[in-house]
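Examining the three-dimensional arrangement
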Amino acid sequence: MEERELRASIEQVRVGTLSRRRFVQAMVGLGLTAPMAAQMLASAGVAQAQTKTTYKPTKRGGGGALRVLWWQGATLLNPHFAVGTKDQDGSRIFYEPLAVWDPEGNLVPVLAAEVPSLQNGAVARDGRSVTWKLKKNVQWHDGKPFTADDVVFNWEYAADPASACTTSGTYKEIKVDKVDGHTVKITFPKPTPFWADPFVGVRGMIIPKHLFEGFKGAKSREAPANLKPVGTGPYRFADFKPGDLVKGELNPTYHMPNRPHFDTIEMKGGGDANSAARAVIQTGEYDFAWNLQVEDENLKRMEQGGRGKADITPGGNIEHVQLNNTDPWKDVDGERSSLKTKHPFLTDPAVRQALNLLVDRASVQEQIYGRTGIATANSLNEPKRFNSRNTKYEFNVDKANQILEAAGWKKGGDGIRAKDGVKLKIVYQTSNNPLRQKTQAIVKQAAAKAGIEMELKGVVASVYFSSDVANPDTYTHFYTDIQMYTTTMTQPDPETFMNQFTSWEVATKDNKWQGRNITRWRNEEYDKFFRAAESELDPVKRAALFIKMNDLVIQNIVVIPVVLRPAVAGISNRLKGAEQSGWDSNFWNLENWYRES
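Structural notes, computed from the coordinates. Because the structure is predicted, anything quoted here is derived from the model rather than measured. (Residues numbered from 1 in each chain as written. Predicted model: local features only at pLDDT ≥ 70, side-chain atom pairs only at ≥ 80, totals over all residues. Heavy atoms only, no water.)

With that out of the way, let us pick up the overall build of the chain. Within the chain one finds 17 helices and 23 strands. Here the C-alpha radius of gyration of the chain, 24 Å, is about what a compact globule of 597 residues would show, namely 25 Å. As displayed, the chain has an accessible area near 22800 Å², and 48% of this comes from carbon and sulfur atoms. Positive and negative charge centroids in the chain, built from 77 and 69 side chains respectively, lie 2 Å apart. (Helix = DSSP H or I, 4+ residues; strand = E, 2+ residues; numbered from the N terminus. Rg over C-alpha atoms; globule rule 2.2 N^0.38 Å. Areas by Shrake-Rupley, 256 points an atom, 1.4 Å probe, with all protein chains shown as cover. Lys, Arg positive; Asp, Glu negative; His and termini not counted. Charge placed at Lys NZ, Arg CZ, Asp CG, Glu CD.)

So, in structure tokens, the structure goes:
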């Protein structure tokens, strides 16, 4: 879609000849996000849609225990250190941001008194600042008041390089000032269209200054509250067994009326996705199960029991194969996959092209994922509608053989291709999960026909996705040739999602492998597009820049997208209010969950 067409569609929504929903669906089809489409409308003066809640309980508590399953158990409860969804969600039980993203991409205030906008004067027209008014009479779980000082402290804490926070990219270039006890002003170094990044959603959870002030910088990992959180959320800390259990109890002073409904929440970790699905959908033993990476046929059989359902929510999560640009087998100053090295054969475009042709996405969707994984050629996209004119995927073993042969990779007596003494032997890792092991097997079989030998490596999920900087088997270390997992799009605007390919986000020993660029790919043109998008206030031009970035990643085969994964949760038929967003934590509206008898 050209810029002129985009502007015409926006005008149709403004005058009422095109519905907001139809417009958002069309933008999603172009690979944009629902929140970005909403932002385009807001910039044109189209009012934000209001989030509706149907919360019925008329008193706080009385709902008994809420039992939820996360088959990857949380390992820490500080949101600024979370390297995976399990830790973000575990933290979200206790901590809250200023605002969250609803399923339609609208901002909903939580600790904020209202959502900033151009209309109420809180968003500067030059895009250089935003002012947040905070709710009054909000208390931390220990009874201390929540104020602007806490918000300013979180900026200082996350922006400090010595703290080594996973959220540092959101906070390191901004300035946050206290206007008064319940007002803060964020100033950006340049025009910033996506101002709703700091203090919003999963990267915006706020920790208390009075408990963390003595643990900034190099002492950040020593804070007792890293394992015993004190937040503002609907539940107070009760117990934590890393990798196994997070337990909370009703917060009697919660700042929203009649909430929460449940007296306790138990977030049980461990097991596997299949058993988690069964415990909610089939047996009704639990109320909610996260991330059901389960074969669709199994889910359909479970749903016949009538106790629960598989809730499938559109989002930007992408199951993909990453190609290492550095050498994972060479140690440089105590670091493998160092930027001082180059991969012995994955830097050859012919090898990357061949691998891209050897991933049978259609079979992965048809034989494994079904409704829960849509074959795609794009890194930035959504499942409702795919309409890219610039990219396409292809499975073609013969073509892969031709490309490798032409590039000088010749088959030896063992059937494995080699060039200049280097053999095409690949270690392919992912987390232990039946769907992922089946995907690995499909790729390995095709690769063998092209003269590429693959050694399949499976890592226990709690290890693979852990935040342990000393563990070489985490996905952030990437100490193999290729690896596979799902990148979750927890920020609705593409900016944070797409910074995973910027040069300054490379994961290294110096930043404790907390950088988001795991492939270590660096490209000046990509960086240029990204910097332009960061300050482009015209939402239509900005959308075009993100599409260019996506195309650059795909053309260079930085990653090989496999399937677009809508969020799949198991929800009991009796659990109400647990609507999933697709753009935020599973617990984005936890305070609104209740059970019907």
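The next subject is the pairing of strand E9 (residues 264-269). The pairing of strand E1 (residues 65-70) with E9 spans six bridges and is parallel. The residue bridging alanine 65 from the neighbouring strand is threonine 264, located in E9. Bridge count between strand E8 (residues 245-250) and E9: five bridges; the pairing is antiparallel. Looking across to E9, one finds that lysine 247 is bridged to glutamate 266. (Pairing = 2+ DSSP bridges.)

Okay, the packing of aromatic side chains next. Under the counting rule described, the total for this entry stands at 25 aromatic pairs. Considering the side-chain rings of tryptophan 101 and phenylalanine 194, the 6.3 Å spacing of their centres and the 25° angle between planes classify their relative orientation as stacked. Within this pair, whereas tryptophan 101 is found in strand E2 (residues 99-101), its partner phenylalanine 194 is found in the loop between strand E6 (183-187) and helix H7 (209-212), the two being separated by 93 residues in sequence. Side by side, tryptophan 101 and phenylalanine 194 carry an identical accessibility label, which is buried. An angle of 70° between the planes, with centres 4.9 Å apart, marks the rings of tyrosine 464 and phenylalanine 465 as edge-to-face. Judged on exposure class, the residue tyrosine 464 and its partner phenylalanine 465 are both buried. Among the aromatic residues, those joined into a cluster by ring pairs are Trp70, Trp71, Phe288, Trp290, Phe587 and Trp593. Above the face of the phenylalanine 215 ring, lysine 219 is positioned so that its terminal group lies 5.6 Å from the ring centre. Between arginine 259 and the ring centre of tyrosine 55, over which it is positioned, the NZ or CZ distance is 4.1 Å. (Phe/Tyr/Trp six-rings, centres within 6.5 Å; stacked < 30°, edge-to-face > 60°. Buried < 20%, exposed > 50% of the residue type's maximum accessible area, 1.4 Å probe, protein only. Lys NZ or Arg CZ within 6 Å of the ring centre and 35° of its normal.)

Another point: the pattern of salt bridges. By the definition in use, this model includes 27 salt bridges. The partner of glutamate 213 in a salt bridge is lysine 209, with the nearest N and O atoms 3.9 Å apart. Using a relative accessible area of 44% as the deciding quantity, one classes glutamate 213 as partly exposed. You can call lysine 209 partly exposed: its relative accessible area is 26%. Its salt-bridge partner being lysine 438, residue glutamate 295 comes within 2.3 Å of it at the nearest N-O pair. Pair noted here: glutamate 295 is in the loop between strand E10 (288-289) and helix H9 (296-303) and lysine 438 is in helix H13 (residues 434-449), with a separation of 143 residues, a long-range link. (Salt bridge = Lys/Arg side-chain N within 4 Å of Asp/Glu carboxyl O.)

Quick look at empty space enclosed by the protein now. Under the definition given, this model contains four cavities of 30 Å³ or more. Reported here for the largest cavity is a volume of approximately 910 Å³. Looking at the largest cavity, it is lined by 46 residues, and the ones nearest its centre are Thr85, Gln88, Thr487, Thr488 and Thr490. Those elements that provide at least two residues to the lining of the largest cavity are helix H4 (85-92), strand E19 (482-487), helix H15 (494-498) and strand E21 (567-572). Of the residues belonging to the lining of the largest cavity, the class tally is 17 nonpolar, 23 polar and six charged. Taken as a whole, the second largest cavity spans an internal volume of roughly 340 Å³. Lining the second largest cavity are 21 residues, with Gly169, Thr170, Glu173, Glu495 and Glu534 positioned closest to its centre. With three residues, the single largest contributor to the lining of the second largest cavity is helix H16 (residues 524-535). Across the lining of the second largest cavity, the residue classes tally to seven nonpolar, five polar and nine charged. (1 Å grid on protein atoms, 1.4 Å probe; cavity = no way out; pocket = protein on both sides within 12 Å on 5 of 7 lines; lining within 4 Å. Points joined across faces, edges and corners; volume = space filled by probe spheres on them. Nonpolar A, V, L, I, M, F, W, Y, C, P; charged D, E, K, R; others polar.)

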